[in-house]
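A look at the structure
For reference, the chains in residue letters:
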Amino acid sequence: MSDSHHFSMSQRSTQSSISAYFSQQPSASPSKLSKTSRAAPIDLTLDSDEDTSAPPAKRQKTSGGSFDRKASSSRPRQVATPPPKRTGQAEQWRFDPASPTKERSAVPDGTPSSDVEEGGEQEDADGDGEAEADRKFGKDSDQEECWAQSAAKTKSQKAEELGPSGKPWTPFELQVRELKAKHPGTVLMIQSGYKMLFFEEDAKIASKELGMVCFPKRNLLTSMIQSTDATATRLASWNNGDGSAQEGGDSRNELFAREVTRLYTAATFVDNLSTLDELDPNNAPPLMCLLEEPQGGMGTDERFEDNHMRTELETRMVHTKPYELLLPTKGLSPATEKMIKHFTEHSHMEHRIRIERFRKQMAYSDAFALLSKFYTEKHADASESFKKGDLMAAVAAFSKLVVIALGQSLKYLKTFNVADALRETRFFAKFTERTHMLLNANTLTNLEIYRNDTDYTTTGSLMWILDRTSTRFGARLLRSWVGKPLVDPNALRERTDAVDEILANRSPKLTQLREVLRRLPDLARGLCRIQYGKCTPQELATLLKAFRRVASAFAPATRASRRRGAHGPKASLLVRALEALPRLKGPVEELCAAVRFDAAAEGKEDQMWTDPDRYPDLDEETTWIQVAESELKDELSGIRKVLKKPALQYTTWMTEEYVIEVRKDAKHDIPPDWTLLSSTKYVRRYHTPNVRVKLQERAQHKEALALAARRAFRAFLAEIADEHYALLRDAANQLAVVDCLFSLAQVAAQEGYCRPTFVEPEDADVLEIVNGRHPMVEAVRADPFVPNSVRMGAGHARHLIVTGPNMGGKSSVVRMAALCAIMAQVGSYVPADSMRLSLLDGVLTRMGASDELSRGRSTFMVEMQETSDILRIASPRTLVVLDELGRGTSTFDGMAIAGAVLQHLVQTAKCKTLFITHYPQVATDLARAFPAAVGNVHMGFTETARLNGTRDVTFLYRLTPGLVRESFGVECARLAGLPEGVLAVAADKAAGMKAVVEERIRRTK
């Protein structure tokens, strides 16, 4: 099987678009329109000759710049001719049966409009950078919105299918049904004005996931919400994803044309920089591609062998927590499909896991050809890896199955314009590395590494103890550190040395570095949004300011300062970070010098560049706008002469600019070609023909300016991604490392924590904890935790059998030992007086009792399968924790299995073992058979007999040498509140069975 790499994306911001009115001539001639009398009544119903049982649809409100529209063709920009000589604002809505789709004579506020398409005659000649941005990010659909005119309604369409409410289906409802039929399994958000609407099953899902009201409206179940990124984030993992259907046409009496313009999935949606995912704020949503073939041996890459229960696959899924699985429709074995079904349906993750299936698996030759083209196509400012040929070299080193998995992932991500996430192969990493141990799924769950086992939140987990990070990208790295403790002594020494130096705090640079980390935005996510072309001007300003603050915090190290070595950190991890950050200064200052931050903070893409020659199209369009506005001012002098009012000024009415207001009581001769906009009791408002023409020209240039500004901004993002991404990414990584080290230092500064000492295995194979404490129990409980000491190896038994009373603290002690070992190899201090250990290559646990009936596994079967996995992979450098093995079957079978398993660990695996059991005979036999390797310890207690025959047991919670033959189960049942009559019978039966067993043992000796 093979895992792919994991990626994320985000929703891009939408842009406003040009009105189709400004790009074509009016469809009706003045002569034709002049036939209608001025005083004729205005018909606003459009369908007055049709069935009037249902009122005409209201004209939809829109929020400018958030709709995608269609156009039958793209037109070159041209100045519209003056409209016919008519007056009256309502004339624009008059229906002409001969030309039902004619253009209006005025464009009211909020009317959707179309774009001049990129790549046509509007494309600037000097657009190499912008063309490269389109290649990199894909054309922005928000810039290619066009009209889609509805056909005139007919009586046959209205006649009449009744809906569930008993009322006829409206055109809008029919449109919704059509959209749902075209996109089954997708949660559709349908835009209507400033709201997003959900219908039928989608409304139920949205109501449940977003906490909205769901209500019947005419023939459809409906819910609505304002459009937000959080909406798409929460819904993207549902079924086949989340689609956004947006409006693409408008008139007062015609239905909007709608189509799905954006499709989001869980792993291809990248939140905005400021978005905080309330479920898992520190985890990026991974995509996992999984392929399978019959076993053919272990490779050196991300191929891995697995057993019939697919525990290796489960371990990878628990670690990566995928939001989306990319799987073949056919080709996975039933065991794999069963495991995936169980994991996606029964895991206690904060999110659902979406499954995307592809019908046909790519052939190796096709996948390699696709990757070859992707990694060898030359593009502007190609990376150093491309120039050196490292990209294809890395791909060529993969096995066939990995190449196919990578090809499938690339093909899938290309559909969302985020394939550049795979561009730099140097950021690829194997899931398993020799430099770290891998904690399997059982260990992560049993030791509560990422979340507690009670309510499945982070509170009470090891991550909750260790995570004191200041940044979200630092928290993500720390999560990776905790899940993959180090086994490389040099790397581990680097971490602990850095933590020690931070604790000592002898360098003022460390204090300065800690201040730099405060209030930093999510730099890693921001770079991701820049790379995908989804960054907004506001986000760019935030990121550049943050990088500038980081770059200017430290001066580059000089030779003299290196020779002196004064006032600087000595730990190599800190030194690398302090050397990497000053390298940002030149590139970041260059980028900052190109941007006006005040304009960028307001989202003004056309005004955010300091150098007007950088993007000449912007200056050209701005000049034309200024010319149009100057001509409008000049036109005012002519209007003053006509009205004989030398002090007349333009006014603004609603959204209409350059309006002439004339009082009704004034005796003025109004030219007949002036257009009446409105009339009140006291004034009339007009537009002159020349004003209308100039306004059209200005609006056209403003829309062209918006498009040019968007292209320029995308070109700037592409420039950052191509020229500076690697440098910025490295700086963000170094800051994340420093943030993790500061977090571990805060943990180390707590009272009662010590630095563990690592010894070489050839010197002593040892695990020694003196007065260790359980880190989570100590933090969540107000009562003091009773410390315990554990010694294994180096003259002590390597295998400890732990016995003692129920509720006596056996599980807490063995968990404490395992957690301290993991914390030590993460690079953290541990809660103990002292700790000495040789490096472990794994921590394997088998604890608790649970079944997995959905996977056909009983409680005992689960127990045996987990034990089988441990026996298969345990090595002499592994710590194994087994809790009450064999209790899921008959007593004698359980004793036999427990004894045989422990004997295998002693003789064959030769690992370190903490073995909890209630079978004293097993402990006695193995201690007698292997006296140097096996030791017996128990949890201390005191016992007091009462006159009524019962016993009082006091738990001391102290690990004590020796064996205890009783578990005091009856006394534990008394604490649970079982009736005394039941307990009395149980005590008598226990005494009788104990006597029988002891007699049998005596006879067999």
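Everything quoted here is computed from the prediction, not taken from an experiment.

1. A look at the overall build of the chain
Along its length, the chain carries 33 helices and 25 strands. Considering the chain as a whole, with its 1005 residues, one finds that 52% of them fall into the buried category. Taking the intrachain contacts of the chain between residues at least 6 apart in sequence as the baseline, contacts between residues at least 24 apart amount to 75%.

2. Let's talk about the pairing of strand E21 (residues 842-846)
By the criterion of burial, E21 is predominantly enclosed, with 5 of the 5 residues buried. The alternating pattern of E21 places Gly842, Leu844 and Arg846 and Val843 and Thr845 on opposite faces, both of which are buried. The sheet contact formed by E21 and strand E22 (residues 878-883) spans 5 bridges and is parallel. Bridging across to E22, Val843 finds its partner in Leu879.

3. Section: the sheet that holds strand E10 (residues 651-653)
Reading across the sheet, the 4 strands line up as E10-E11-E13-E12 and stay open at both edges, with antiparallel pairing between neighbours. Two strands bound the open sheet, and with one partner strand each, they are E10 and strand E12 (675-679). Averaged over neighbouring strand pairs, the angle between their axes works out to 50 degrees when direction is ignored. Across the sheet, helix H25 (residues 689-723) lies against strand E11 (656-663), E12 and strand E13 (683-687), angled at about 165 degrees from E11, the strand it touches most.

4. Here we look at the environment of Leu800
Assignment of secondary structure puts Leu800 in strand E18 (residues 799-803). Spatially, the C-alpha atom of Leu800 lies 5.1 Å from that of Leu914, the residues being 114 residues apart in sequence.

5. Quick look at the environment of Ser743
The residue Ser743 is located in helix H26 (residues 725-748) in this model. On the basis of relative accessibility, which here comes to 0%, the residue Ser743 falls in the buried class. Once the C-alpha coordinates of Ser743 and Val499 are considered, the two residues, 244 residues apart in sequence, prove to be 9.0 Å apart.

6. Digging into the confidence of the model for the chain
Detailed reading of the predicted coordinates is not advisable wherever pLDDT falls low. Per-residue confidence for the chain averages 77 on the pLDDT scale, and 73% of its residues sit at or above 70. Here helix H1 (residues 30-33) stands out as the element of the chain with the lowest mean pLDDT, 38, in contrast to strand E19 (residues 830-831), whose mean of 96 is the highest. Under a pLDDT of 50 for its full length, residues 141-158 has, in the predicted model, 68 contacts with residues more than four places off or in other chains. Considering only residues more than four positions removed or in separate chains, one finds that residues 296-302, a stretch of pLDDT under 50, has 18 contacts.

7. Considerations on the packing of helix H16 (residues 489-504) against H26
Contact geometry for H16 and H26: axes closest at 9 Å, N-to-C directions at 65 degrees. Our classification of the angle between H16 and H26 gives roughly perpendicular. In this structure, H16 crosses over H26, and the sense of that crossing is right-handed. Here Arg495, Ala498, Val499, Ile502 and Leu503 of H16 come into contact with H26, specifically with Leu741, Phe742, Leu744, Ala745 and Ala748. Considered class by class, the residues forming the contact of H16 with H26 number 9 nonpolar, no polar and 1 charged.

8. Some details on the sheet that holds strand E8 (residues 324-328)
A sheet is described by the order of its strands in space; here 3 strands give the open sequence E7-E8-E9, paired in parallel fashion. This sheet does not close on itself; its edge strands, each paired only once, are strand E7 (287-289) and strand E9 (354-358). Between one strand axis and the next, the sheet turns by 20 degrees as a mean value, whatever way the strands run. With 3 bridges joining them, E7 and E8 adopt parallel strand pairing.

9. Considering the packing of aromatic side chains
By the definition in use, this model includes 8 aromatic pairs. Aromatic rings pair up to connect Trp609, Tyr615 and Phe716 into one cluster. Arg177 extends its terminal NZ or CZ atom over the ring of Trp169, reaching a point 4.3 Å from the ring centre. One Lys or Arg, Arg479, reaches over the ring of Tyr450 and ends 3.9 Å from the middle of that ring.

10. Observations regarding a negative patch on the surface
A contiguous patch of negative charge, built from Asp611, Asp613, Asp619 and Glu620, is present on the exposed surface. Locating Asp619 in the fold gives a position in helix H24 (residues 616-643).

11. What to know about the pattern of salt bridges
Applying the stated criterion to the full structure yields 34 salt bridges. Across the pair Glu324 and Arg354 runs a salt bridge, and its minimum N-O distance is 2.2 Å. Of the two residues, Glu324 is situated in strand E8 and Arg354 in strand E9; the sequence distance between them amounts to 30 residues. Using a relative accessible area of 0% as the deciding quantity, one classes Glu324 as buried. The shortest N-O distance in the salt bridge between Lys694 and Glu631 comes to 2.7 Å. Remark: Glu631 occurs in helix H24 and Lys694 occurs in helix H25; sequence separation between them is 63 residues. Given a relative accessible area of 30%, Glu631 falls into the partly exposed group. One network of salt bridges, in which partners are shared, links Glu324, Arg354 and Glu356.

12. Thoughts on H25
Here H25 is 35 residues long and its end C-alpha atoms lie 51 Å apart, about the 51 Å a rise of 1.5 Å per residue gives. Most of H25 sits inside the fold, with 29 of its 35 residues counted as buried.

13. Here we look at helix H30 (residues 891-909)
With 19 residues, H30 should reach 27 Å at 1.5 Å per residue; the first-to-last C-alpha distance of 26 Å fits that figure. Where H30 is buried, its residues meet E18, helix H29 (859-873), E22, strand E23 (912-916), helix H31 (920-929) and strand E24 (934-945). Of the residues one or two after H30, Lys910 is the one with positive phi, at around 55 degrees.

14. Structural notes on the state of the cysteines
For the structure shown, the criterion picks out 0 disulfides. Residue Cys754 stays outside any disulfide, its sulfur separated by 8.2 Å from that of Cys820, the closest cysteine. Exposure remark for Cys754: the relative accessible area of 10% places this residue in the buried category.

15. Structural notes on the pairing of strand E16 (residues 766-772)
Counted residue by residue, E16 has 6 buried out of 7 residues, so it is predominantly covered. In this sheet, strand E20 (residues 834-838) lies alongside E16 in antiparallel orientation, the contact comprising 4 bridges. Bridge pairing in E20 links Val770 to Ser834.

16. Topic: the environment of Arg846
Among the secondary structure elements, Arg846 is positioned in strand E21. For Arg846, a relative accessible area of 3% translates into the label buried. Each C-alpha atom, one on Arg846 and one on Val880, is 8.2 Å from the other, the two residues being 34 residues apart in sequence. Every residue in contact with Arg846, bar those within four places of it in the chain, is listed here: Asn446, Glu863, Glu866, Thr867, Ile870, Val881, Leu882 and Asp883. A distance of 3.0 Å separates the side chain of Arg846 from the side chain of Glu866, its partner in a polar contact.

17. Digging into the packing of helix H17 (residues 508-517) against H26
The N-to-C vectors of H17 and H26 enclose an angle of 110 degrees; their axes lie 11 Å apart at closest approach. Considering their axes alone, H17 and H26 lie roughly perpendicular with respect to each other. Listed contacts from H26 to Leu510, Leu513, Arg514 and Leu517 of H17 are Leu735, Val738, Asp739 and Phe742. Class assignment for the residues of the contact of H17 with H26 results in 6 nonpolar, no polar and 2 charged.

18. Brief notes about the side chain of Lys810
In this structure, Lys810 sits in helix H28 (residues 810-826). Here the side chain of Lys810 touches Pro805 through a polar contact of 3.0 Å, landing on its backbone oxygen. Beyond its immediate stretch of four places on either side in the chain, Lys810 contacts Val802, Thr803, Gly804, Pro805, Ile916, His918 and Met939.

19. Points about unusual backbone geometry
At Glu448, a position not held by glycine, the phi torsion is positive, near 55 degrees. Using a relative accessible area of 18% as the deciding quantity, one classes Glu448 as buried.

20. A few points about the side chain of Lys912
If you trace the backbone, Lys912 turns up in strand E23. Residue Lys912 is classed as buried on the basis of its relative accessible area, which comes to 1%. Beyond its immediate stretch of four places on either side in the chain, Lys912 contacts Asp765, Val766, Leu767, Met792, Arg798, Ser838, Leu840, Thr878, Leu879 and Val880.

Cut-off values and rules
- Residues numbered from 1 in each chain as written.
- Predicted model: local features only at pLDDT ≥ 70, side-chain atom pairs only at ≥ 80, totals over all residues.
- Heavy atoms only, no water.
- Helix = DSSP H or I, 4+ residues; strand = E, 2+ residues; numbered from the N terminus.
- Buried < 20%, exposed > 50% of the residue type's maximum accessible area, 1.4 Å probe, protein only.
- Contact = heavy atoms within 4.5 Å.
- Pairing = 2+ DSSP bridges.
- Axes fitted to C-alpha atoms, helices over the stretch in contact; angles between N-to-C directions.
- pLDDT = per-residue confidence, 0-100.
- Parallel < 35°, antiparallel > 145°, perpendicular 65-115°, else oblique.
- Left-handed = near helix turned anticlockwise from the far one by under 90°.
- Nonpolar A, V, L, I, M, F, W, Y, C, P; charged D, E, K, R; others polar.
- Phe/Tyr/Trp six-rings, centres within 6.5 Å; stacked < 30°, edge-to-face > 60°.
- Lys NZ or Arg CZ within 6 Å of the ring centre and 35° of its normal.
- Patch = residues over 30% accessible without salt bridge, like charges linked within 9 Å, V, L, I, M, F, W, Y side chains within 5 Å.
- Areas by Shrake-Rupley, 256 points an atom, 1.4 Å probe, with all protein chains shown as cover.
- Salt bridge = Lys/Arg side-chain N within 4 Å of Asp/Glu carboxyl O.
- Lys, Arg positive; Asp, Glu negative; His and termini not counted.
- Charge placed at Lys NZ, Arg CZ, Asp CG, Glu CD.
- Expected span 1.5 Å × (residues − 1).
- Disulfide = S-S within 2.5 Å.
- Polar contact = N/O pair within 3.5 Å; in protein donor to acceptor, adjacent residues only side chain to side chain.

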